[in-house]
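Now for the letters of each chain:
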Number of protein chains: 4
Amino acid sequence: MSTPQPRRRTRTDAERNRDRVLEAARALFAESGHDVQMSEVARVAGVGVGTLYRKFPTREALIEAIAEQRTADIIAAARRLADADDPADGLARLLHHVGEVLADDRGMSEVIEKAMGSGEPREETREALLAIAGELLDRAQAHGTVGREVTTGDVNMVICGLAAVIRNAAGDWRRYIEVALDGLRSR
Amino acid sequence: MSTPQPRRRTRTDAERNRDRVLEAARALFAESGHDVQMSEVARVAGVGVGTLYRKFPTREALIEAIAEQRTADIIAAARRLADADDPADGLARLLHHVGEVLADDRGMSEVIEKAMGSGEPREETREALLAIAGELLDRAQAHGTVGREVTTGDVNMVICGLAAVIRNAAGDWRRYIEVALDGLRSR
Amino acid sequence: MSTPQPRRRTRTDAERNRDRVLEAARALFAESGHDVQMSEVARVAGVGVGTLYRKFPTREALIEAIAEQRTADIIAAARRLADADDPADGLARLLHHVGEVLADDRGMSEVIEKAMGSGEPREETREALLAIAGELLDRAQAHGTVGREVTTGDVNMVICGLAAVIRNAAGDWRRYIEVALDGLRSR
Amino acid sequence: MSTPQPRRRTRTDAERNRDRVLEAARALFAESGHDVQMSEVARVAGVGVGTLYRKFPTREALIEAIAEQRTADIIAAARRLADADDPADGLARLLHHVGEVLADDRGMSEVIEKAMGSGEPREETREALLAIAGELLDRAQAHGTVGREVTTGDVNMVICGLAAVIRNAAGDWRRYIEVALDGLRSR
DNA sequence: AATGAATGAGGTTTCATTCAT
DNA sequence: AATGAATGAAACCTCATTCAT
């Protein structure tokens, strides 16, 4: 109560709590998708539900926050791929990176599958991802490894399908990517 | 009354009610997927919940019944396609048929997306569909329109992806099919 | 439809149905007590629920009817015992007879247990049974095998307890009767 | 605040609520037996149904909790009786104590009646009670107030019958106990 | 009179969210 | 700011009883 020591301000408890919630939610969503109870998230985070709700006023807000975070990771990685020098198979590498992420994260496969759709939420995610995909696409087209008529919309669908294949364990998703790339490349 | 044939009761009221329930469920599931309340189904069907539960003792049973019915339709249509004489583009026509059905039925896109996965339920659906797809695949390969190394597993993934693309309105699904077919055709 | 034969009137279908319902209910109640669904009774009786409800407008009415029937059997047997010449151990024989009946009929053990209470229903049953018990009691008292201060109320309680012992399989009910009789005899 | 001892929160609100639920359930069960709705219990307790289910995750759990509590009371009282010095009429006093409790509590008469049976649940209750009854029985037999051949099984039946007599208001239960004791004493 | 399908009130249980401490 | 108990609106399902044929 009367501790004279000035609180070190690098990291407040509040911030730490927020992180713990995010981490717990990330882990749980990755494991089981979004069908997880709020109280379970709080329990795993080691905080009370009240705290959880203070940070994220709504179940949706929490899911959104995780999605945003993880999506940003994907986009950052995509950015790095796009900025790298290797130009020809950038798109392939982007798809494989997304696959790797989704294969380890059930929640994210749900998010990405939805995000590639035209509903309200996560419009920016799609746009950001497709913007980068567009760059890679241009280069691939310049190299002749992808057909001229291919659009980012096509990539959009391929990614959506990829998410579904992974989420439902519908087969070997790397093979799916190969097929899709062949499809984009042909002609 | 004066029908010469002994009046066979072709449709009892009970059967009619069953159909009304099925139709209501089908419409609601098509419109909004499976997140529909039993009481809502009953209301739309114009029957009491008790009646609904008499026909389908469980929420799952109702979903299953609709899925079975619609799945059978798809498979029957696929069968007809496979039995038709035209051999070259049978696979393409199969995919388009599936697309048409799913595009009008949100519930079915959920069903098919899941069905193409490796979980327990609806295993037969997948197998039946893939069996027919396998025939069409063979023919296409004989015609050289599909690569020799393509398997029904690839078709499985393509269909799963297709369902996701449609369900999430992730783009022009006919174009998705073209891309996928090109991918299977290449090499 | 145009059968000329006059219907034999010894036993109408309606009467036969009533008996089938009674028999089914008796058997089911004996087996499982009164927690049996009306539709189950109808099914076992081989009639529709509607028929069942025509005969017995209420679940309670059906239970009541069975109770009445079976109770009448008990009372008749008691009557015969009382009218027999053997005077000394009539009460013992009455109790044992009741025990035999209840041991084979879970529903009846419920009925008798309740009937010996002071609630509304089955007042007459209790009175009829106790009237006969009273006669036997008198004789036993005359013979000195039962104490002078013993009343039919005491017998009432002994029977109620007997029903409970049997219904709950709480021990050897014949031994219970011995103890009770010793209790009534003593002094 | 100025308590020297570190303020130990003796009773949190949660505990108070738990007690309110227990008390409400106890009162309702005592009044009407176990055929009481959960929502009614919640209403009387002055809490929401959710709270009730937080404390007792199941209807059965609540009934069990009440039964356990009250049963423990009975056994504790029996224990005290057995530990008291007065040896001769301990059994009588035990029975009367049980009678007093059951007479004020319909739910408990149901519980005890069942508990004395040979089904699975509440086996320990019966055993605990009969263990104590056994001690009292031994002493009574040593004093000659109960016959040598009497067993705890006999007491078991007497208690079961007592519960039934009380539950169904089948007469003066104190008199029932007298008769039963006379029965055990005789010979 | 018989049938059994239909009814819907009523019961249990869950879980996102609120709120008193 | 943190806590977690409390809340109560749903959602599912059952079964005694009614009613059209």
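Conventions we followed
- Residues numbered from 1 in each chain as written.
- Chains lettered and ligands numbered in written order.
- Predicted model: local features only at pLDDT ≥ 70, side-chain atom pairs only at ≥ 80, totals over all residues.
- Heavy atoms only, no water.
- Near = heavy atom within 4 Å.
- Polar contact = N/O pair within 3.5 Å; in protein donor to acceptor, adjacent residues only side chain to side chain.
- Helix = DSSP H or I, 4+ residues; strand = E, 2+ residues; numbered from the N terminus.
- Nonpolar A, V, L, I, M, F, W, Y, C, P; charged D, E, K, R; others polar.
- Axes fitted to C-alpha atoms, helices over the stretch in contact; angles between N-to-C directions.
- Parallel < 35°, antiparallel > 145°, perpendicular 65-115°, else oblique.
- Left-handed = near helix turned anticlockwise from the far one by under 90°.
- Contact = heavy atoms within 4.5 Å.
- Domains from an automatic or database assignment.
- Buried area = accessible area lost by both parts, 1.4 Å probe.
- Salt bridge = Lys/Arg side-chain N within 4 Å of Asp/Glu carboxyl O.

Undergrad: Let's hear about the protein's contact with DNA strand E: which residues, and what values?
TA: Contacts to DNA strand E come from 30 residues, most closely from B:N17, B:R54, C:R54, D:Q37 and D:R59. When atoms of DNA strand E within 4 Å of the protein are split into backbone and base, the sugar-phosphate part holds 69%. Measuring from a phosphate oxygen of DNA strand E, one finds a side-chain N or O atom of B:K55 at 2.6 Å. D:Q37 is positioned with one of its side-chain polar atoms (N or O) 2.5 Å from a phosphate oxygen of DNA strand E. Those elements giving two or more residues to the surface near DNA strand E turn out to be α1 (13–32) and α3 (49–55) of chain B together with α1 (13–32) and α3 (49–55) of chain C. For the surface near DNA strand E, a count of residues per class yields 10 nonpolar, 13 polar and 7 charged.

Undergrad: Describe the packing of helix α5 (residues 90–103) of chain A against helix α8 (residues 152–167) of chain A, listing the residues and the values that go with them.
TA: Residues and elements named next belong to chain A. α8 packs onto α5 with a crossing angle of 30 degrees between their chain directions and a minimal axis gap of 10 Å. Our classification of the angle between α5 and α8 gives roughly parallel. As for the relative orientation of α5 and α8, their crossing is right-handed in sense. On α8, the residues that touch L91, L95, V98, G99, L102 and A103 of α5 are V155, V158, I159, L162, A163 and I166. For the contact of α5 with α8, the per-class residue count stands at 11 nonpolar, 1 polar and no charged.

Undergrad: Which residues make up the domain arrangement of chain A, and what values do they have?
TA: Residues and elements named next belong to chain A. Each domain of chain A was delimited in the assignment, giving domain 1 (10–57) and domain 2 (64–185). Counting residues at the interface gives 10 residues for domain 1 and 10 residues for domain 2. Taking both sides of the interface into account, the surface hidden between domain 1 and domain 2 amounts to around 760 Å²; carbon and sulfur atoms contribute 66%. Where domain 1 meets domain 2, there are 0 salt bridges. Taken together, domain 1 and domain 2 are joined by 3 residue pairs in polar contact (both at pLDDT 80 or more). In terms of residue class, the side of domain 1 that touches domain 2 is made up of 5 nonpolar, 3 polar and 2 charged.

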